[in-house]
Amino acid sequence: MPTMHLCFTDPKASVDDVAAQTVLNVLRMFGMAESEARRIVALPLPADEPPPESI
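Residues numbered from 1 in each chain as written. Predicted model: local features only at pLDDT ≥ 70, side-chain atom pairs only at ≥ 80, totals over all residues. Heavy atoms only, no water.

1. Here's the deal with the overall build of the protein chain
Defined as follows: Counting from the N terminus, the helices are the DSSP runs of H or I reaching at least four residues and the strands are the DSSP runs of E reaching at least two. Remark: exposure states derive from per-residue accessible area (1.4 Å probe, protein chains only) relative to the maximum for the residue type, with buried under 20%, exposed over 50%, and partly exposed in between.
Within the protein chain, the regular secondary structure consists of three helices and zero strands. Sequence-ordered secondary structure for the protein chain, helices as α and strands as β, is α-α-α. Relative to its 55 residues, the protein chain shows a buried fraction of 7%.

2. Some points on the environment of valine 26
Along the chain, the position of valine 26 falls in helix H2 (residues 15-29). Taking C-alpha positions, valine 26 is 9.1 Å from alanine 37, a pair spaced eleven residues apart along the chain.

3. As for the confidence of the model for the protein chain
Let me state the cut-off plainly: Confidence scores here are pLDDT values: one per residue, from the predictor, ranging 0 to 100.
Across the protein chain, the average pLDDT comes to 84, with 84% of residues at 70 or higher. Within the protein chain, the element-level pLDDT minimum falls on helix H1 (residues 2-9), averaging 68, and the maximum on helix H3 (residues 34-42), averaging 96.

4. Quick word on the packing of H2 against H3
Put simply, the rule reads: Fitted lines through C-alpha atoms give the axes, limited to the stretch in contact for helices. The angle between two N-to-C directions lies from 0 to 180 degrees. Each helix crossing is assigned a hand: it is left-handed if the near helix lies turned anticlockwise from the far helix by less than a right angle, otherwise right-handed if that turn is clockwise. Any pair of residues with heavy atoms lying within 4.5 Å of one another is described as a contacting pair. Under the grouping applied here, Gly and all other residues not named as nonpolar or charged are polar, the nonpolar ones being Ala, Val, Leu, Ile, Met, Phe, Trp, Tyr, Cys and Pro and the charged ones Asp, Glu, Lys and Arg.
Here H2 crosses H3 at 145°, and the two axes come no closer than 9 Å. Crossing of H2 over H3 shows right-handed handedness. Here Ala20, Val23, Leu24, Leu27 and Arg28 of H2 lie close against H3, whose contacting residues are Glu34, Ala37, Arg38, Ile40 and Val41. Per-class residue counts for the contact of H2 with H3 are seven nonpolar, no polar and three charged.

5. Observations concerning a nonpolar patch on the surface
The condition that has to hold: In this analysis, a patch consists of residues with relative accessible area above 30% that form no salt bridge, clustered at 9 Å for like charges and at 5 Å for the nonpolar side chains Val, Leu, Ile, Met, Phe, Trp and Tyr. Note on areas: Shrake-Rupley with a 1.4 Å probe; residue coverage comes only from the protein chains shown. Whenever a carboxyl oxygen of Asp or Glu lies within 4 Å of a side-chain nitrogen of Lys or Arg, that contact is scored as a salt bridge.
A contiguous nonpolar patch, built from Val26, Met29 and Phe30 and spanning about 380 Å² of accessible area, is present on the exposed surface. Along the chain, the position of methionine 29 falls in helix H2.

6. Notes on the pattern of salt bridges
Scanning the model with the defined rule gives two salt bridges in all. When the shortest N-O distance is used, the salt bridge between glutamate 36 and arginine 39 registers 2.9 Å. Of the two residues, glutamate 36 and arginine 39 both sit in helix H3, three residues apart, roughly one turn of that helix. Residue arginine 39 is classed as partly exposed on the basis of its relative accessible area of 44%.

7. Looking at H2
Turn by turn, an α-helix covers 3.6 residues, leaving residues three or four places apart pointing in a common direction. Going by this rule: Take the number of residues in a helix, subtract one, and multiply by 1.5 Å to get its expected span.
Under the 1.5 Å per step criterion, the end-to-end length of H2 is 21 Å for 15 residues, consistent within 8% with the ideal 21 Å. Just past H2, the residue glycine 31 takes up positive phi, approximately 95°.

Structure follows, in structure tokens:
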């Protein structure tokens, strides 16, 4: 919630930057080393794939 609030109320805030910082903070809260968390945050997102068809 606070992340969305920041994106809508601060015109200088970039959604990409706020999301990256949020992910970095969550990874750090789970005990990941900062350098590894930063490496993961810098990776490109995987391609968006459609959901599998139901059987």
